[in-house]
Amino acid sequence: QVQPVESGGGLVQPGRSLRLSCAASGNSFGGYAVAWFRQAPGKEREFVAARRWSGGTPYYGDSVKGRFSLSKDATSNTLFLQMNSLGPEDTGVYYCAVGRPITSTIATVGAYYYWGQGTQVTVSS
């Protein structure tokens, strides 16, 4: 079992950047896919980005393509989400999730079975 632990959220002005971290606790991310989802008040959880820990093409939600990017540090078992050009629409709780989805379900909430507690991101002037 692997428990993802998020960090790095906070309050940021529109147009600025923020980097979130998802660290593995209890086990490594090896053999899994690691994803970010977000949820704004009153809305459903939305897919943000995902990648397989072993490598391959990362996946991004349409609303963040070109602004957000994933990177990893294998030594520390940490996945980073770099968020640039943030806008108020990016406000929400960001969750890190771990699972073994097939390609067609990599953006699906139900494909992940280990979830972090979430970290709040607020974009406001």
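Cut-offs used in this document
- Residues numbered from 1 in each chain as written.
- Predicted model: local features only at pLDDT ≥ 70, side-chain atom pairs only at ≥ 80, totals over all residues.
- Heavy atoms only, no water.
- Salt bridge = Lys/Arg side-chain N within 4 Å of Asp/Glu carboxyl O.
- Helix = DSSP H or I, 4+ residues; strand = E, 2+ residues; numbered from the N terminus.
- Buried < 20%, exposed > 50% of the residue type's maximum accessible area, 1.4 Å probe, protein only.
- Contact = heavy atoms within 4.5 Å.
- Polar contact = N/O pair within 3.5 Å; in protein donor to acceptor, adjacent residues only side chain to side chain.

Peer 1: So what exactly am I meant to see when it comes to the pattern of salt bridges here?
Peer 2: Note on pairing: side chains with opposite charge can pair once their charged atoms come close. Tallied over the full model, the rule gives four salt bridges. Its salt-bridge partner being Asp62, residue Lys65 comes within 3.2 Å of it at the nearest N-O pair. What emerges from the salt-bridge pattern is a single network uniting Arg38, Glu46, Arg67 and Asp90.

Peer 1: Sorry, what's going on with the environment of Glu6 here?
Peer 2: Note that Glu6 resides in strand S1 (residues 3-7). We classify Glu6 as buried; its relative accessible area is 11%. Distance in space between the C-alpha atoms of Glu6 and Ser17 is 17 Å, their sequence separation being eleven residues. Those residues in contact with Glu6 that lie beyond four places of it in its chain are Ser21, Cys22, Trp36, Tyr94, Tyr95, Cys96, Gly116, Gln117, Gly118 and Thr119. Side-chain polar atoms of Glu6 contact the backbone nitrogen of Gln117, separated by 3.1 Å.

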